[in-house]
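Coordinates in review
In case you want the letters, here they are:
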Amino acid sequence: MYIGLDMGTSGIRGILVDEAGRVIAEADSPLVTAHPHPGWSEQDPDSWITACEAVMAALRSKAGPAFRNLRGLGLSGHMHGATLVDADGKALRPCILWNDTRSEAEAAALDAMPVMRAVSANIVFPGFTAPKLVWVATHEPDVFAKVARVLLPKDYLRLWLTGDYISDMSDSAGTSWLDVGARGWSDPALAATGMHLGQMPDLVEGSAPAGTLRRSLQDRWGFDREVIIAGGAADNAAAACGVGCLNDGLGFVSLGTSGVLLAARNGFAPAPETAVHTFCHAVPDRWYQMGVTLSATDSLNWLARNLDQTPGALAGRLPDRIGGPSPTLFLPYLSGERTPHNDAKTRGAFIGLDIATDQADLTQAVMEGVAFALRDCLEAMQATGLDLQTVLAVGGGSRSPFWVETLATLLDLPLSLPQAGELGAAMGAARLAICAATGAAPETVMTPPEIASVTDPRHDLRDAYEAAYARYRAAYPAIRGLSQ
């Protein structure tokens, strides 16, 4: 048996699988995020341990005797979080999360240093880890002085599980301290933020062993032998492992809280000027590129909350097939934007509201706005030489046929919908655990899912959607001037 634990922003999900990857049991436990000031987003690191214990207890209860046969455990988690610990491994303050924008000025100052993009292969975004430490040094110097180690969220959980300070390449690539091409910590990048190598965890590939479960936990949970903990992965790298996205030409688009267009790369091809992320993959000698729009299903959730509806009820007001773009335009910048604008200040807008505009019109505009933003991501990624051939559609938003067909038409790519099953980051983490515990080659474990259906672009509507996309592109400079 193998476990995959995925630490999301809203909760921890765990799955127990057998050696063939069949799901035996699954469990979830929620997490709470605090927003003590506008733009701030924090979690208590010890709440992750509480949630992990709840998930493990639930898996044990559901799986019965099979649970004790665990051989490996893999971790995935949301990227960029700054978890600061003292010399005893205790958290010094709440973790500053990926969607926290307080360090915008610090990020801009670091990004202006040529060494940072040259080493990290990315713009230094406000959500990345390094600028958060500069912010802490300025605003919480007493805390900064006690920082013995900086851990990413899943690696704080690993510390509790194993007692070891270890991270993997894919997650560490989002700190701005990793030399992403060389797959190792960069002394110049660390020095630029007042940090040093001794404050970083050791590095392993995601499919490699990265410690063993502490004996006290092994005994508490009833495992009959040593449990290998895999290096694990950042959430999107783990999701790529979960759907077999390892090689050039393969990618997926995720309509989740944020919207992600991810493509695997066999080589290292950075293009930070495009605001495309270039990160190490979770397996050796692979990278991936990713465009991100920060509010995908979050935009629909926001609309539903303000209309006193459920997201499902709003989605149900739309037909399964598209009939042309809405005259109402939505800019989904509710939390700023990553790709291609790198703009933490711009905020969203509806444009073209009419006295006859109803809930269905607003819902269509929101779905189209998110699809326009993902088209922005594709345009930026294609500038790096990307040639996507096979693209899966995953995430909660992919349950809407209208949204998927809108996206297929705007990306001008057929989108494959996998058969129902566990396809997310937890499955990717479990697959990494299988590799770490057995030595299996990732290519033999991380296979693509069976496809349930393929949604083709609507070529008869291409011109109409191209015109709508041009309108969307023209709106950004105007709304940017009004938002700041």
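Because the structure is predicted, anything quoted here is derived from the model rather than measured. (Residues numbered from 1 in each chain as written. Predicted model: local features only at pLDDT ≥ 70, side-chain atom pairs only at ≥ 80, totals over all residues. Heavy atoms only, no water.)

All right, on to the environment of Leu 161 then. Of note, Leu 161 is situated in helix α6 (residues 153-162). Overall, Leu 161 belongs to the buried group, its relative accessible area being 0%. The sequence separation of Leu 161 and Ser 216 amounts to 55 residues, and the corresponding C-alpha distance is 9.6 Å. (Helix = DSSP H or I, 4+ residues; strand = E, 2+ residues; numbered from the N terminus. Buried < 20%, exposed > 50% of the residue type's maximum accessible area, 1.4 Å probe, protein only.)

To continue, consider the sheet that holds strand β16 (residues 250-255). As summarised here, the arrangement of the seven strands in space is β18-β19-β17-β16-β22-β23-β24, forming an open sheet in which the pairing is mixed. The open sheet has two free edges, formed respectively by β18 (277-280) and β24 (451-455), since each of these has just one partner strand. When the angles between neighbouring strand axes are averaged without regard to direction, this sheet yields 25°. Alignment of β18 against strand β19 (residues 287-293), held across four bridges, turns out to be antiparallel. What sits directly across from Phe 279, in β19, is Tyr 288. (Pairing = 2+ DSSP bridges. Axes fitted to C-alpha atoms, helices over the stretch in contact; angles between N-to-C directions.)

It is worth spelling out unusual backbone geometry at this point. The general pattern is negative phi for most residues beyond glycine and trans for most peptide bonds. A cis amide bond, omega 0°, links Thr 339 with the succeeding residue Pro 340. Along the chain, the position of Pro 340 falls in the loop between β20 (329-331) and β21 (349-351). Despite not being glycine, Arg 183 shows a phi value in the positive range, around 60°. Its place among the elements puts Arg 183 in the loop between β10 (178-179) and β11 (184-185). We classify Arg 183 as buried; its relative accessible area is 12%. The backbone phi angle of Ala 275 is positive, close to 65°, even though this residue is not glycine. Relative to the helices and strands, Ala 275 is located in the loop between β17 (259-265) and β18. For Ala 275, a relative accessible area of 2% puts it in the buried group.

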